[in-house]
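Analysis of the macromolecular model
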Amino acid sequence: MGDTDKPSIVRLPGADGHRQPPPDTPRPWENVDRAQAAVEGATGPEPPAPPICPDCGLIGDRRPTYYDAHVLLEPDLSVPAHMVPAWHRWYVDSQGVGWNSREDEPAPGAVCRIPHRIACPGLKLEEIGLWRWLDTVRTENARRARRRADEEGLPEALPDAG
């Protein structure tokens, strides 16, 4: 309450309105929410902007998330979850809110949605960032395979040249 008679709580409509902090109250979790949105790809255009991809111009299915961001999902596309890489499996709950299952293994027979970003024709594979670590593993395996093939082609003992 402080020095004035005015209450520090602004009453909002609804049953729990008396428990809400004032609108200008600092939100220390905002940076964490923004970081989570970036990691999970929940970077869709915010309303009132239309749900249009800024890279290709196609319309997506915009869904709110639990951390005040929006994700742009591929419209009318549900995929068996085991076919989608971890961190790209999105589910929509009964209220229409999108949530990412992160690295959790999908349940048998589960169906999920994919973010438009991994199907966007306006982005190159490098920009999408899928499986970068796997590309590194492939490069290393190719190097090891060449080295092994080179070693197998050599005789065990070199002939005496002199």
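Scroll up a little and you will see the structure.
A brief structural summary. (Residues numbered from 1 in each chain as written. Predicted model: local features only at pLDDT ≥ 70, side-chain atom pairs only at ≥ 80, totals over all residues. Heavy atoms only, no water.)

Points about the overall build of the chain
To keep things clear, this is the line we draw: Secondary structure is summarised from DSSP: a helix means a run of H or I of at least four residues, a strand means a run of E of at least two, and numbering begins at the N terminus for each. Exposure classes here rest on a 1.4 Å probe applied to the protein chains alone. A residue is buried below 20% of its type maximum, exposed above 50%, and partly exposed in between. When checking whether two residues touch, look at their non-hydrogen atoms; a contact exists if any pair is within 4.5 Å. Throughout, the Shrake-Rupley method with a 1.4 Å probe supplies accessible areas, and for residues the shown protein chains are the sole cover considered.
Scanning the chain from N- to C-terminus turns up three helices and six strands. Secondary structure of the chain in N-to-C order comes out as α-β-β-β-β-β-β-α-α. The buried share of the chain, taken over its 162 residues, is 27%. In the chain, 51% of the contacts between residues at least 6 apart in sequence involve partners at least 24 apart. Here the chain displays about 12,000 Å² of accessible surface, and carbon together with sulfur accounts for 56% of that area.

Looking at the side chain of His116
Heads up, the rule is: A 3.5 Å cut-off defines polar contacts: any pair of N or O atoms within that distance qualifies, except that in protein one atom must be a possible hydrogen donor and the other a possible acceptor, and neighbouring residues in sequence count only when both atoms are side-chain atoms.
With respect to the secondary-structure elements, His116 resides in the loop between strand E6 (111-112) and helix H2 (125-128). There is a polar contact of 2.5 Å between the side chain of His116 and the side chain of Glu74. Here His116 is in contact with Cys53, Cys56, Leu58, Leu72, Leu73, Glu74 and Pro121, once residues within four sequence places are set aside.

Some thoughts on unusual backbone geometry
In this structure, Pro48 follows Pro47 across a cis peptide bond, with omega equal to 10°. Here the phi dihedral of Arg102 falls at roughly 55°; this positive angle occurs in a residue that is not glycine. You can see Arg102 is positioned in the loop between strand E5 (98-100) and E6.

Quick notes on the pattern of salt bridges
For clarity, the threshold we go by: Salt bridges are defined by distance alone: a side-chain nitrogen of Lys or Arg within 4 Å of a carboxyl oxygen of Asp or Glu.
Scanning the entire structure with this criterion turns up three salt bridges. Residues Arg63 and Asp61 are paired through a salt bridge, measuring 3.3 Å at the closest nitrogen-oxygen approach. For the salt bridge of Arg113 with Asp61, the shortest nitrogen-to-oxygen distance reads 2.8 Å. Of this pair, Arg113 sits in the loop between E6 and H2 while Asp61 sits in strand E1 (residues 61-64); the two residues are 52 residues apart in sequence, bridging distant segments of the chain. A relative accessible area of 19% places Asp61 in the buried class. A cluster of three or more residues bridged by salt bridges with shared partners is formed by Asp61, Arg63 and Arg113.

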